[in-house]
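Each chain is listed here by its residues.
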Amino acid sequence: MDDLLRVGVIASTHGIGGEVKVFPTTDDPQRFKKLKKCILFFKNEKIELDITGVRFFKNMVILRFKQFNNINQIEKYKSAELYVTRENAVELKEDEYFICDLIGLKAVDESETVIGTVTDVLQTGANDVYEITAQDGKQYLFPAIKECVFGVDLEAGVIKVHVMKGLLDL
């Protein structure tokens, strides 16, 4: 599913008309306003859906789909994940990346010494933090700031990092 990006998870139904409350898993929930299509994954089902209505309530997005018009049709999809294709993804600014593209990159320092592999990206609010796991299983946290991460090459599968003093001394 590397060509698909998760944008939300159906949390519950909303009313009896087939609407659902979606917990957004995207940085920008407002992106749903422009979204016309998404793909629902649930167990072994994959359904392309047309979005016909978008509203916001607290931290949730309320969606209406063309394919469902009552609660009985949509109720079984609670906890289903919603995805978009890369063509329908938000446009990234310079030096922005999708988390799924960073996972698995080889992390190297300035002298090309391999530190490990990016295994997770923690979103802290101030800045992201890249979790890098060494071959021996040790985990290191690198803040995603220019002083620490100075290059990402998705094609080569490499992220270049500066090892700040004490960062590897665990």
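Here goes a summary of the coordinates provided. Quick caveat, the model's predicted, so the values are computed rather than measured.

**What to know about the pattern of salt bridges**
Argument step 1. Tallying each qualifying case throughout the model produces seven salt bridges.
Argument step 2. Of the charged contacts, one joins Arg 6 and Glu 81 as a salt bridge, the two residues approaching to 2.9 Å between their closest N and O atoms. Taken together, the residues span a long stretch of sequence, with Arg 6 in strand β1 (residues 4–14) and Glu 81 in strand β6 (residues 81–85) at a distance of 75 residues.
Argument step 3. Overall, the relative accessible area of 26% leaves Glu 81 in the partly exposed class.
Argument step 4. A network of salt bridges, in which partner residues are shared, links Glu 19, Arg 55 and Arg 64.

**With respect to the environment of Gly 137**
Argument step 1. Structurally, the position occupied by Gly 137 is in the loop between β9 (128–133) and β10 (139–143).
Argument step 2. Residue classification places Gly 137 among the partly exposed residues on the basis of a relative accessible area of 45%.

**Here we look at the packing of aromatic side chains**
Argument step 1. Applying the stated criterion across every chain yields a total of four aromatic pairs.
Argument step 2. Pairing Phe 41 with Tyr 83 gives two aromatic rings, centres 5.1 Å apart and planes at 80°, and the pair type is edge-to-face. Linking Phe 41 in strand β3 (residues 37–42) with Tyr 83 in strand β6, this pair joins segments that are 42 residues apart in sequence. Taken individually, Phe 41 and Tyr 83 each receive the classification buried, so the pair is uniform in this respect.
Argument step 3. Look at Phe 68 and Tyr 77: their rings are 5.7 Å apart centre to centre, the planes differ by 50°, and that puts the pair in the tilted class. As far as the burial class goes, Phe 68 and Tyr 77 line up, both buried.
Argument step 4. By way of ring pairs, the aromatic residues Phe 42, Phe 65, Phe 68 and Tyr 77 are connected into one cluster.

What counts and how
Residues numbered from 1 in each chain as written. Predicted model: local features only at pLDDT ≥ 70, side-chain atom pairs only at ≥ 80, totals over all residues. Heavy atoms only, no water. Salt bridge = Lys/Arg side-chain N within 4 Å of Asp/Glu carboxyl O. Helix = DSSP H or I, 4+ residues; strand = E, 2+ residues; numbered from the N terminus. Buried < 20%, exposed > 50% of the residue type's maximum accessible area, 1.4 Å probe, protein only. Phe/Tyr/Trp six-rings, centres within 6.5 Å; stacked < 30°, edge-to-face > 60°.

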